[in-house]
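Okay, here's what each chain looks like letter by letter:
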Amino acid sequence: FLSVYFFSLLPAMLGGTGETQAATPEVQALCDGVRGAAEAKAGAPFAAFQAVSYKSQVVAGTNFFVKVKVAEGSFAHLRITQPLPHAGAPFLAALLAGKSEADAIEYFEPQE
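Quantities reported herein were computed from a predicted structural model and do not represent experimental measurements. (Residues numbered from 1 in each chain as written. Predicted model: local features only at pLDDT ≥ 70, side-chain atom pairs only at ≥ 80, totals over all residues. Heavy atoms only, no water.)

Looking at the pattern of salt bridges
Inference 1: Enumeration over the complete set of coordinates arrives at two salt bridges.
Inference 2: The residue Glu39 makes a salt bridge to Arg35 at a minimum N-O spacing of 3.0 Å. Residue Glu39 and its partner Arg35 are both found in helix H2 (residues 25-42); the two are separated by four residues, about one turn of the helix.
Inference 3: Residue class for Glu39 comes out buried when judged on its relative accessible area of 19%. (Salt bridge = Lys/Arg side-chain N within 4 Å of Asp/Glu carboxyl O. Helix = DSSP H or I, 4+ residues; strand = E, 2+ residues; numbered from the N terminus. Buried < 20%, exposed > 50% of the residue type's maximum accessible area, 1.4 Å probe, protein only.)

Below you can see the structure in the form of structure tokens.
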């Protein structure tokens, strides 16, 4: 049910990323769920963790590409994968640190 709800929020074409949208409470909840993993990947805790905007990609589940404010004037882009309901919980697939507020959210590959 939850993924059906998320799919209804996301007007993305299957396989392509949708348009950039303002972050929603649901996207913030996804980010909150991967904050520990993001801080571990970055190697340090973040002063803030506020989702600003996002794009999504519907595949076998959904990839969320989220711009997150991590400190005053500092942003990171997260790739969060939300598998189909039977396949597990959302997880952080990649993080791009050192982004600015002006940096556009673009598709990027998962990291090992």
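Observations concerning the sheet that holds strand E1 (residues 21-22)
Inference 1: Strand order across the open sheet formed by five strands is E1-E2-E3-E4-E5, with antiparallel pairing between neighbours. The open sheet has two edge strands with one neighbour each: E1 and strand E5 (91-99).
Inference 2: Packing against the sheet, H2 makes contact with strand E2 (50-59), strand E3 (61-71), strand E4 (74-83) and E5, and its axis sits at approximately 75 degrees to E5. (Pairing = 2+ DSSP bridges. Contact = heavy atoms within 4.5 Å. Axes fitted to C-alpha atoms, helices over the stretch in contact; angles between N-to-C directions.)

Looking at the environment of Lys99
Inference 1: As for its position among the elements, Lys99 is in strand E5.
Inference 2: In this structure the C-alpha to C-alpha distance between Lys99 and Lys69, which are 30 residues apart in sequence, comes to 9.2 Å.
Inference 3: Every residue in contact with Lys99, bar those within four places of it in the chain, is listed here: Ser74, Phe75, Ala76 and His77.

Digging into the nonpolar core
Inference 1: Cys31, Phe49, Val66, Leu78 and Ile80 are the most contacted members of the largest nonpolar core, which has 18 residues in total.
Inference 2: Counting only elements with at least two residues in this core, the list comes to H2, E2, E3, E4 and E5.
Inference 3: Residue contributions to this core peak at five residues, all from H2.
Inference 4: Apart from residues no more than four positions distant in its own chain, Phe49 is found in contact with Gln28, Cys31, Asp32, Arg35, Ala38, Val68, Lys69, Val70 and Leu78. (Core = buried A, V, L, I, M, F, W, Y, C linked by side-chain atoms within 4.5 Å.)

Focus: the packing of aromatic side chains
Inference 1: What the rule picks out here adds up to four aromatic pairs.
Inference 2: When the centroid spacing of 5.6 Å and the interplanar angle of 20 degrees are considered together, the rings of Phe46 and Phe49 count as stacked.
Inference 3: Residue classification places Phe46 among the buried residues on the basis of a relative accessible area of 14%.
Inference 4: Their ring planes at 50 degrees and their centres at 5.5 Å tell us that Phe65 and Tyr107 sit as a pair that is tilted. In this pair, Phe65 is assigned in strand E3 and Tyr107 in the segment after E5, connecting sequence segments 42 residues apart.
Inference 5: The buried category is assigned to Phe65, whose relative accessible area is 0%.
Inference 6: On the accessibility criterion, Tyr107 (39% relative accessible area) is partly exposed.
Inference 7: By way of ring pairs, the aromatic residues Phe65, Tyr107 and Phe108 are connected into one cluster. (Phe/Tyr/Trp six-rings, centres within 6.5 Å; stacked < 30°, edge-to-face > 60°.)

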